[in-house]
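Structural characterization, general
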Amino acid sequence: MGNKNQVKRLQQQRASLLRRTIKPTDSRLKPTDRSKGKPKKKRDDDEPKLIDRPQGSSAMFFQYNTQLGPPYHILVDTNFVNFSIKNKLDIIKTMMDCLYAKCIPYITDCVVAELEKLGQKYKLALRIIKDPRFERLHCLHRGTYADDCLVQRVTQHKCYIVATNDKDLKRRIRKIPGVPIMNVAVNRYVVERMPDAFEPMGK
């Protein structure tokens, strides 16, 4: 019985070796084996390749954003407001001290919803963003994830500076050309990636 099994195994090994070495068109191969060894059809190189590239913004002149200029439109994130409170900074006054120009802070519905979800602890932050000097932007998309909302806005409209201290959001914004980032440093605001023409002199 053991001999029969050994012979059968050897026959199977020989058959598989034959399949590897002989051409798929060889008459000795069965139709089922022929389909296994069929070479894959090569892609025609003459076929035009379709490459999907997003359209560049008309606001961009190479890496220079032509829509940035005073008065500055600043999109404010949740943690930027909280960091400003911790550092006892007046948001609008400190923005103007940083950029030496009029600044209009913008708050999206998503940021307001995020602060409302955080509860009583952030009641002061909610009171600050409901100041009439803060412009309210209404969101038409689904969901209330503020980071996605801000990224989507600055991708579509290049006229904003994003004010945030969130590392993940900053990393995402850096990938979008022409969008400066404002963040809270010790007792002041700092702007990164600002065009040279509008660079504050005291920086």
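See the structure above.
Here we summarise the structure given alongside this text. Bear in mind that the values here come from a model prediction, so they are computed numbers and not experimental data.

**Notes on the environment of Cys 110**
- Residue position: Cys 110 is located in helix H5 (residues 109-117).
- Its relative accessible area of 2% is what places Cys 110 among the buried residues.

**Brief notes about the pattern of salt bridges**
- As enumerated under the stated definition, the model contains 7 salt bridges in all.
- Among the ionic pairs, Asp 168 bridges to Arg 171, the shortest N-O distance being 3.2 Å. You can see Asp 168 and its partner Arg 171 sitting in helix H8 (residues 167-174), 3 residues apart, about one turn around the helix.
- The class of Asp 168 is partly exposed, set by a relative accessible area of 43%.
- Residue Glu 192 is joined to Arg 174 by a salt bridge in which the shortest nitrogen-to-oxygen separation is 2.8 Å. Residue Glu 192 is found in strand E8 (residues 188-192), and its partner Arg 174 is found in helix H8; the two are separated by 18 residues along the sequence.
- Judged by its relative accessible area of 23%, Glu 192 is partly exposed.
- Overall, Arg 174 belongs to the partly exposed group, its relative accessible area being 40%.

Rules of the game
Every chain's residues receive numbers from 1 upward, in the order its sequence appears when written. Selection of residues for local features in this predicted model requires a pLDDT of at least 70, selection of side-chain atom pairs for listing and counting requires 80 or more, and totals for whole chains, interfaces and linings are taken over all residues. Water and hydrogen atoms play no part in the side-chain values, which are based on all heavy atoms of the structure. Counting from the N terminus, the helices are DSSP H or I runs at least four residues long and the strands are E runs at least two residues long. A 1.4 Å probe rolled over the protein chains alone gives each residue an accessible area, and that area as a share of the maximum for its type sets the label: buried under 20%, exposed over 50%, partly exposed in between. The working definition used for a salt bridge is a side-chain nitrogen of Lys or Arg within 4 Å of a carboxyl oxygen of Asp or Glu.

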